[in-house]
Amino acid sequence: MSIIFDHVTHKYEAGTTMEKPALKDINLVINDGEFIGLIGHTGSGKSTLIQHMNGLLKPTEGTVYVDGEDICGKGYSLKSLRSRVGLVFQYPEHQLFESSVLLDVEFGPKNMGLTQLEIQYRAFEALKSVGIGDDLIDASPFELSGGQKRRVAIAGVLAMKPKVLILDEPTAGLDPAGRDEILGLIRRIHEESGITVILVSHSMEDVANYVDRIIVMNDAKVVLEGPPKTVFANCDALESIGLSVPQVTRISADLKNLGLPVRPDSITIEEAADELAALYKRLH
Amino acid sequence: MIKTKDLSFDYIRRDEEGNVESITRALDEVNISVKPGDFVAVLGANGSGKSTFAKHLDAILMPTEGSVYVNGMPTTDEDKLLDIRRTAGMVFQNPDNQIIGTIVEDDVGFGPENLGIPTEEIWERVDKALDRVGMTKYRCDSPNKLSGGQKQRVAIAGIMAMKPKCIILDEPTAMLDPVGRREVIKTAKELNEKEGVTVILITHYMEEVIEADRVIVMDAGKVVLEGTPRQIFSRVEQLKSFRLDVPQVTALAFELNKRGIPLPPGILTVKEFEEEYIKALSALEGDA
């Protein structure tokens, strides 16, 4: 399912003295099955952008097409769009409300008017895919740990079988091991189901290992876009807008600048270690 | 400044009749001593007990066993409660939960006002506190127009205006972006260096503890490691077993070390890594 932004501008409180542009002339194509990292600091327009993808916000100017259809067109069903484009908000565990884990995950599919059998099937399947075992399905969501709660909240969106899964800062507040678990889980869901995934993050290091393409936003515009290596090649440009490249990328770029024969574009610890170890051994 | 002796704490769950359902030991015989002027970081995974620990230092929680002393005062002494909270101020995780004033300067003045300080002195303290955290420019703004990092700095100013000897920051950056995180850590570091305020920083972000004089690592309610950042970060594999991590550059140096390249353990910054790597390379050329 492709998403196209065609000259999209969004202004909060448009037409008033408080008018504030949050998106300025965005042109973007998100292809079926891509794994995208959307990066930018607070206030750069990331959240405004993703809320256009399932019609929570409407463009002030321009058009958003999902599967070729204008989502603001007459008679377009936003309800059906929202079950196809699933949005996991920041701190999604704050939205858990049912008395048991299973009921909470069933809430989404229930509102889609499916049969009870299908609802249950989807809930079980979604819980299994996020690694919540049968021993927890009758527990109150409030008894779970932070990481477990977050996985239940993600399952609640997965149970609607979206074609596009958008996650806003899914690792915020988790410890390093919890962060790796959630990112690994998202990667597995992407690989197994082939759905489009859009991961919103502050952290370059988090997305470097996982995504196919990075979109960098600053001041309501898309400023850089491409595979991680291409984007990180712009170390200085990224740092000038307050974003940092992974430390290993900084190191390989610096060493290259000092005249050492190393590739300047390592983005993971393994890549950088291979490169630097090889250089050391060559000189040995 | 702060001392805990065999501090243990149980979270006790009771059913509707008040019978004990389960007991979770959140802190297990914690012995810590923090000297005046120290910058100490407490590192631990989610559920390691670090926030429970922080809440004991400000007498929000009372020990199940053992004791906590703030500037020599036991936290169980109710008569000393106000003194303790005046000595040790606390900044919490969520900036939106701790700001109450409708404009920045009112919010900062709220603490000293409650201490019964004369109005003139309150304003002096507000001026100074806002200056210290670099927020003077925003003193007449509404806090809800500020970024997360700026709100946390206002919260820190609110604590500073009460002139505490010690500030406890309980995951102050968990909800902030990288720019906000740097602002808050820099502010804490400056207060420590310039004002001599004792700082206890609770966090699970590895990059934030590099600046600390001493790092205390907690796991399952116990203190499992204690030392300088360099000592702590040279234990890459042990930290991973506590669900923690090391900065990327430390992990890279560790990996290269395993492959036989002589780099010292516990490298903390990009600059340090580059220097050490080039040193290792040129040592080679010298041999040849």
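Model, not experiment: these values are computed from the prediction. (Residues numbered from 1 in each chain as written. Chains lettered and ligands numbered in written order. Predicted model: local features only at pLDDT ≥ 70, side-chain atom pairs only at ≥ 80, totals over all residues. Heavy atoms only, no water.)

*Asks:* Describe in detail the overall build of chain B, supporting the description with residues and values.
*Replies:* Each helix and strand counted, chain B has ten helices and ten strands in total. Reported as C-alpha extents along the three principal axes, the dimensions of chain B are approximately 75 × 55 × 35 Å. A burial count over chain B gives 52% of its 288 residues as buried. Nonlocal contacts in chain B, meaning residues at least 24 apart in sequence, comprise 62% of its contacts between residues at least 6 apart. For chain B, the accessible surface area stands at approximately 13100 Å², while carbon and sulfur atoms represent 48% of it. (Helix = DSSP H or I, 4+ residues; strand = E, 2+ residues; numbered from the N terminus. Buried < 20%, exposed > 50% of the residue type's maximum accessible area, 1.4 Å probe, protein only. Contact = heavy atoms within 4.5 Å. Areas by Shrake-Rupley, 256 points an atom, 1.4 Å probe, with all protein chains shown as cover.)

*Asks:* Please set out the overall build of chain A residue by residue, giving values where relevant.
*Replies:* Counting its secondary structure elements, chain A contains eleven helices and ten strands. Compactness check: chain A gives a C-alpha radius of gyration of 21 Å against a globular reference of 19 Å for 284 residues, within 12% of the reference. Projecting the C-alpha coordinates of chain A onto the three principal axes gives extents of approximately 70 × 55 × 30 Å. Taking all 284 residues of chain A together, the buried fraction comes to 54%. (Rg over C-alpha atoms; globule rule 2.2 N^0.38 Å.)

*Asks:* Help me get a handle on the side chain of Gln152(B), residues and values and all.
*Replies:* All names here are of chain B. Here Gln152 shows up in helix 5 (residues 148-160). Given the relative accessible area of 0%, Gln152 is considered buried. In contact with Gln152, other than residues within four places in its own chain, are Val91, Phe92, Gln93, Pro95, Gln98, Pro172, Leu176 and Val184.

*Asks:* Let's hear about the domain arrangement of chain A: which residues, and what values?
*Replies:* A common way to express how large an interface is: the accessible area buried when the components associate. All names here are of chain A. On domain assignment, one finds that chain A holds domain 1 (1-76 + 163-227) and domain 2 (96-161). On a C-alpha basis, the centroid separation for the pair domain 1 and domain 2 is 24 Å. Residue-level contacts link twelve residues of domain 1 with nine residues of domain 2. On the surface where domain 1 and domain 2 come into contact, there are zero salt bridges. Summed over the shared surface of domain 1 and domain 2, the number is three residue pairs in polar contact (both at pLDDT 80 or more). At the level of elements, strand 7 (164-168) and helix 6 (176-193) are the ones that each hand at least two residues to the side of domain 1 that touches domain 2. When residues of the side of domain 1 that touches domain 2 are assigned to their parent elements, the largest contribution, four residues, is made by helix 6. Among the residues making up the side of domain 1 that touches domain 2, the classes are represented as eight nonpolar, one polar and three charged. (Domains from an automatic or database assignment. Salt bridge = Lys/Arg side-chain N within 4 Å of Asp/Glu carboxyl O. Polar contact = N/O pair within 3.5 Å; in protein donor to acceptor, adjacent residues only side chain to side chain. Nonpolar A, V, L, I, M, F, W, Y, C, P; charged D, E, K, R; others polar.)

*Asks:* An account of the pairing of strand 9 (residues 214-219) of chain B is requested, with residue identities and associated values reported.
*Replies:* Consecutive side chains along a regular strand alternate between the two faces of the sheet. Residue and element names in this part refer to chain B. The element strand 9 is largely enclosed, with a buried count of five among its six residues. Sheet topology places strand 3 (residues 39-44) next to strand 9; five bridges connect them, and they run parallel. Looking at the pairing, Gly44 lines up with Met218 of strand 9. In the sheet, strand 9 pairs with strand 10 (residues 222-227) via five bridges, with the strands oriented antiparallel. The residue bridging Val217 from the neighbouring strand is Leu225, located in strand 10. (Pairing = 2+ DSSP bridges.)

*Asks:* Got a sec to walk through the interface of chain A and chain B? Specific residues and values, please.
*Replies:* Contacts between the two partners involve 38 residues from chain A, matched on the other side by 37 residues from chain B. Regarding the contact of chain A and chain B, the summed buried area is about 3200 Å², with carbon and sulfur atoms giving 62% of it. Three residues, Asp175(A), Gln247(A) and Tyr280(A), lead the burial of chain A against chain B; their summed loss comes to 20% of the area buried on that side. The partner of Glu181(A) in a salt bridge is Arg243(B), with the nearest N and O atoms 3.1 Å apart. Every element with two or more residues in the side of chain A that touches chain B is listed here: helix 6, helix 10 (247-257) and helix 11 (269-283) of chain A. If you tally residues by element for the side of chain A that touches chain B, the top one is helix 11 of chain A, at eleven residues. Tallied by class, the residues present in the side of chain A that touches chain B amount to 20 nonpolar, eight polar and ten charged. (Buried area = accessible area lost by both parts, 1.4 Å probe.)

*Asks:* I'd love a proper account of the sheet that holds strand 5 (residues 73-74) of chain B, names of residues and values included.
*Replies:* Residue and element names in this part refer to chain B. The four strands are arranged 2-1-4-5 in an open sheet whose pairing can be described as antiparallel. The two strands at the open ends of the sheet, each matched to only one other strand, are strand 2 (20-34) and strand 5. Here strand 4 (residues 65-70) pairs with strand 5 via two bridges, running antiparallel. Pairing of Tyr69 across the sheet is with Pro74, part of strand 5. Packing of helix 1 (residues 50-57) onto the sheet brings it into contact with strand 1 (2-14), strand 2 and strand 4, and relative to strand 1 it is tilted by some 115°. (Axes fitted to C-alpha atoms, helices over the stretch in contact; angles between N-to-C directions.)

*Asks:* Explain helix 5 of chain B to me, using residue names and the numbers behind them.
*Replies:* A turn of α-helix holds 3.6 residues, and therefore any two residues three or four places apart point the same way. Residues and elements named next belong to chain B. Over its 13 residues, helix 5 extends 18 Å from the first C-alpha to the last, a length consistent with the 18 Å expected when each residue adds 1.5 Å. Buried residues of helix 5: Gly149, Gln150, Lys151, Gln152, Arg153, Val154, Ala155, Ile156, Ala157, Gly158, Ile159 and Met160, and no others. Buried residues in helix 5 make contact with strand 6 (88-91), helix 3 (104-114), helix 4 (119-132), strand 7 (166-170) and helix 6 (178-195). (Expected span 1.5 Å × (residues − 1).)

*Asks:* Would you mind going over the packing of helix 5 of chain B against helix 6 of chain B in detail, with residue names and values included?
*Replies:* Residue and element names in this part refer to chain B. It is at 8 Å that the axes of helix 5 and helix 6 come closest, and there the two elements cross at 25°. When the interaxial angle is binned, helix 5 and helix 6 end up roughly parallel. For helix 5 against helix 6, the interelement crossing comes out right-handed. For the pair helix 5 and helix 6, the contacting residues are Gly149, Gln150, Gln152, Arg153, Ile156 and Met160 in the first and Gly180, Glu183, Val184, Thr187, Leu191 and Glu195 in the second. A class-by-class count of the residues in the contact of helix 5 with helix 6 yields four nonpolar, five polar and three charged. (Parallel < 35°, antiparallel > 145°, perpendicular 65-115°, else oblique. Left-handed = near helix turned anticlockwise from the far one by under 90°.)

*Asks:* Lay out unusual backbone geometry in plain terms, naming residues and giving numbers.
*Replies:* A positive phi angle is found at Asp219(A), which is not glycine, with a value near 50°. Looking at the element boundaries, Asp219(A) is found in the loop between strand 9 (213-218) and strand 10 (221-226). The residue Ala220(B) is not glycine, and still its phi comes out positive at about 50°. On the secondary structure map, Ala220(B) appears in the loop between strand 9 and strand 10.

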